[in-house]
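Residue-level structure breakdown
Listed here are the chains, written in short residue letters.
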Amino acid sequence: MITSNIFLGKNIYIERTSSINNVKIGDNSRIAGNVKIFGSAEHIMEVGKGCYVGINCFIEGFNAKVTIGDYVSFARNVSLISGSGPNASLVMQKIFPIVRGAVTIGNHTWIGGNTTIMPHVYIGKYCVVAANSFVNSSFPDYSIIGGTPAKLIRSLTEEEIAKLHADD
């Protein structure tokens, strides 16, 4: 395996069964076992400070820019992809072309287990994505989303938002 463009902040923990490449990871982030995180030389992935990536996650930023904010939590078995399609078949690509697009996850967002996040998705800050969701569209700050495909369940209330920002 060729490794390059790895920029690690302070106090990073990466379980030995995980692999990273073409990525910048902020201070105090933790990567559990069997995780694959990679961008490309053209699209260096950015993972913010204080993040947690759970066991068996696959975070691909090879096809387009992936930006993960600060204090983002990924539960186990999350897949985030910046490109999707029938890579091996040029014939099938005539009908189903490869889709490539940036993915951004805002600060303090929590991604539930077994979730898939597709290209061209923006998830705002302070969001919750329910477990087993398929996210193929974007959602603003303070959204609670879930389902296949994911839909807005509700937005955080003004009282909940005030609690989040009580120490600001």
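To start, this report covers the structure provided alongside it. (Residues numbered from 1 in each chain as written. Predicted model: local features only at pLDDT ≥ 70, side-chain atom pairs only at ≥ 80, totals over all residues. Heavy atoms only, no water.)

1. Side note on a nonpolar patch on the surface
Side chains of M92, I95 and F96 sit close together on the surface and give an oily, nonpolar patch of about 320 Å² of accessible area. You can see M92 is positioned in helix α1 (residues 90–93). (Patch = residues over 30% accessible without salt bridge, like charges linked within 9 Å, V, L, I, M, F, W, Y side chains within 5 Å. Areas by Shrake-Rupley, 256 points an atom, 1.4 Å probe, with all protein chains shown as cover. Salt bridge = Lys/Arg side-chain N within 4 Å of Asp/Glu carboxyl O. Helix = DSSP H or I, 4+ residues; strand = E, 2+ residues; numbered from the N terminus.)

2. With respect to the packing of aromatic side chains
Each aromatic ring pair is characterised by the separation of its centres together with the angle its planes make. For the structure on display, the rule yields two aromatic pairs. Where F38 meets F58, the ring centres are 5.6 Å apart and the plane angle is 70°; that geometry is what we call edge-to-face. You can see F38 sitting in strand β6 (residues 36–38) and its partner F58 sitting in strand β9 (residues 58–60), a full 20 residues away along the chain. Classification of F38 as partly exposed rests on a relative accessible area of 25%. (Phe/Tyr/Trp six-rings, centres within 6.5 Å; stacked < 30°, edge-to-face > 60°. Buried < 20%, exposed > 50% of the residue type's maximum accessible area, 1.4 Å probe, protein only.)

3. What about the sheet that holds strand β2 (residues 13–14)?
Taking strand neighbours across the sheet as the criterion, the eight strands line up as β2-β5-β8-β11-β16-β19-β21-β22 in an open arrangement whose pairing is mixed. In this open sheet, the two strands that pair with only one neighbour each are β2 and β22 (150–155). As judged from the two bridges shared by strand β16 (residues 110–111) and strand β19 (residues 128–129), these two strands associate in the parallel manner. Bridge pairing in β19 links I111 to V129. (Pairing = 2+ DSSP bridges.)

4. Section: the pattern of salt bridges
Under the defined criterion, the tally for this structure stands at two salt bridges. A salt bridge links E46 to K65; its shortest N-O distance comes to 2.9 Å. Of this pair, E46 sits in strand β7 (residues 45–47) while K65 sits in the loop between β9 and β10 (66–68), and the two are 19 residues apart along the sequence. On the accessibility criterion, E46 (34% relative accessible area) is partly exposed. In this structure K65 comes out as partly exposed when scored by relative accessible area, which is 27%. Across the salt bridge formed by E160 and R154, the nearest N and O atoms sit 2.9 Å from each other. The class for E160 is partly exposed, based on a relative accessible area of 25%.

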